[in-house]
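The primary structure of each chain is shown beneath.
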Amino acid sequence: MLQEKITQYTEEINAFSTAKAAELEQFRIKFLGTKGIIKDIFDEFKAVSPEEKRTLGKVLNVFKQLAESKYQALKEQSTETSAGKEEGLDLTLPGEGFEIGSRHPLALVRKEIVEIFNKLGFIVAEGPEIEDDWHNFSALNFPEEHPARDMQDTFFIKKGGEKGDIALRTHTSSVQVRMMESGKPPFRAIMPGRVYRNEAISARAHCFFHQVEGLYVDENVSFADLKQTLFYFVQEMYGEGTKVRFRPSYFPFTEPSAEMDISCTICKGAGCQFCKYSGWVEILGCGMVDPNVLENCGIDAKKYSGFAFGMGIERITNLKFEIKDLRLFSENDVRFLKQYKTTLI
Ligand code: DAH
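Residues numbered from 1 in each chain as written. Predicted model: local features only at pLDDT ≥ 70, side-chain atom pairs only at ≥ 80, totals over all residues. Heavy atoms only, no water.

Structurally, the protein comprises domain 1 (2–83) and domain 2 (105–343). The centre of domain 1, based on its C-alpha atoms, is set 83 Å off from the matching centre of domain 2. (Domains from an automatic or database assignment.)

Structure below.
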């Protein structure tokens, strides 16, 4: 009887394994406790015959040792595993800093541009990145054979839709068209967004980048309004005293057209490697909206006039933070992105 019990409990003890303190405590109470199995067995042992005592005595001692050593071993294991958790915890230590992410430099500059133009009453408008020929080219007065339509510049998606070939927009000027088509003047908006061009990726060119388009259409809008608006923008963005100059240029959708330079933000106009020792850097294209474009969008060009401009956000950021390699903007290297933490929010 007693021998059978011992064999059965031996099996149970051998099979038992846990690192959980509560289960181990139950084990201790069950086998080693003052009212536990070992105590019971020793009590029963007292009643057996003297011959049996001789053989069973040893078995009983081995059994008791087994229960005790099992308990010890498991106990050590369980303190080892909880030690890492409990002993390593020092509640008096200062908390670990909570690292919040930082804004992408392009997002910071985009936000700043939006805020500056908001102050002048420009709202923000957006349009699709997948665009048709009409909105990206034709309505903007691009001649049929214009090189910008070429496969080399444009990522075409589908040939010949209802409004011409479908492509990734090559500039945000397409949003001008959408805005004018779908509303009535006056329009005063800036249109930030991503644009795509089929260019080999290098430090100075990328197959996608970001632009901000600007449009102001109303009665009696003049080139003087354009100049003053952009002058204000530059003072806000790069600080008072930054000079601007306009050079005649050509865009199919503006007449007259100009490119605007600002005095080099790095050498303040004295001449450095960055501005190729000219003291000036180009930041945007602009002009008076061509009457053909107004008419294409259903606006009476005899009554209304307007100006437009377009700038690359990468370029503006480049001048603000002196980031020279365009690839940095899209590589998502945390070491680069982290540096813009201080200008957060
Ligand atoms: N769309 C032109 C480009 O991508 C930029 C531009 C120039 C926009 C003159 C304009 C503008 O609105 O008037 O290079």
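Structure shown, so let's carry the discussion forward.
This part is about the nonpolar core. Residues Ile113, Phe117, Phe233, Ile283, Phe309 and Met311 are the most contacted members of the largest nonpolar core, which totals 43 residues. Going through the elements one at a time, α5 (105–119), β6 (208–218), α8 (223–238), β8 (254–263), β9 (280–289), β10 (305–312), α10 (313–321) and α12 (334–337) are the ones with two or more residues in this core. No other element matches α5, which puts seven residues into this core. Judged by nonpolar contacts, the second largest core, of 23 residues, contains Ala125, Leu140, Met179 and Ala189. (Core = buried A, V, L, I, M, F, W, Y, C linked by side-chain atoms within 4.5 Å. Buried < 20%, exposed > 50% of the residue type's maximum accessible area, 1.4 Å probe, protein only. Helix = DSSP H or I, 4+ residues; strand = E, 2+ residues; numbered from the N terminus.)

Moving on: the layout of surface pockets. There is about 1500 Å³ of room inside the largest pocket. If you go around the largest pocket, you meet 46 residues; those closest to its centre are Arg197, Phe209, Glu282, Gly312 and Arg315. Contributions of two or more residues to the lining of the largest pocket are made by β6, β7 (244–251), β8, β9, β10 and α10. Of the residues forming the lining of the largest pocket, the biggest block, seven residues, is contributed by β9. Along the lines of polarity and charge, the residues of the lining of the largest pocket split into 22 nonpolar, 13 polar and 11 charged. (1 Å grid on protein atoms, 1.4 Å probe; cavity = no way out; pocket = protein on both sides within 12 Å on 5 of 7 lines; lining within 4 Å. Points joined across faces, edges and corners; volume = space filled by probe spheres on them. Nonpolar A, V, L, I, M, F, W, Y, C, P; charged D, E, K, R; others polar.)

Most of β8 sits inside the fold, with eight of its 10 residues counted as buried. Relative to β8, β7 runs antiparallel, the two sharing seven bridges. Among the inter-strand pairings, Arg247 is bridged to a residue of β8, identified as Glu259. With antiparallel pairing between neighbouring strands as the criterion, β7 and β8 make up a hairpin whose turn holds two residues. Where β8 lies against β9, eight bridges are found, and the strand directions are antiparallel. When the sheet's bridge partners are listed, Ser263 is paired in β9 with Trp280. (Pairing = 2+ DSSP bridges.)

One pass over the structure, following the stated rule, counts 21 salt bridges. Close ionic contact of Lys46 with Asp43 constitutes a salt bridge, the shortest N to O distance being 3.4 Å. Remark: Asp43 and Lys46 occur in helix α3 (residues 37–46); sequence separation between them is three residues, near one turn of the helix. Judged by relative accessible area, which is 60%, Lys46 ranks as exposed. Note on Asp43: relative accessible area 33%, which makes it partly exposed. With a closest N to O distance of 2.8 Å, Glu236 and Lys119 form a salt bridge. Here Glu236, found in helix α8, pairs with Lys119, found in helix α5; they are 117 residues apart in sequence, far enough to count as distant. (Salt bridge = Lys/Arg side-chain N within 4 Å of Asp/Glu carboxyl O.)

On to the sheet that holds β8, then. Overall, mixed pairing links the seven strands, which are arranged β1-β5-β6-β10-β9-β8-β7 in an open sheet. Each edge of the open sheet carries a strand with a single partner, namely β1 (123–124) and β7. Against the sheet, α5 makes contact with β1, β5 (187–196), β6 and β10, and its axis sits at roughly 165° relative to β5, the strand it touches most. (Contact = heavy atoms within 4.5 Å. Axes fitted to C-alpha atoms, helices over the stretch in contact; angles between N-to-C directions.)

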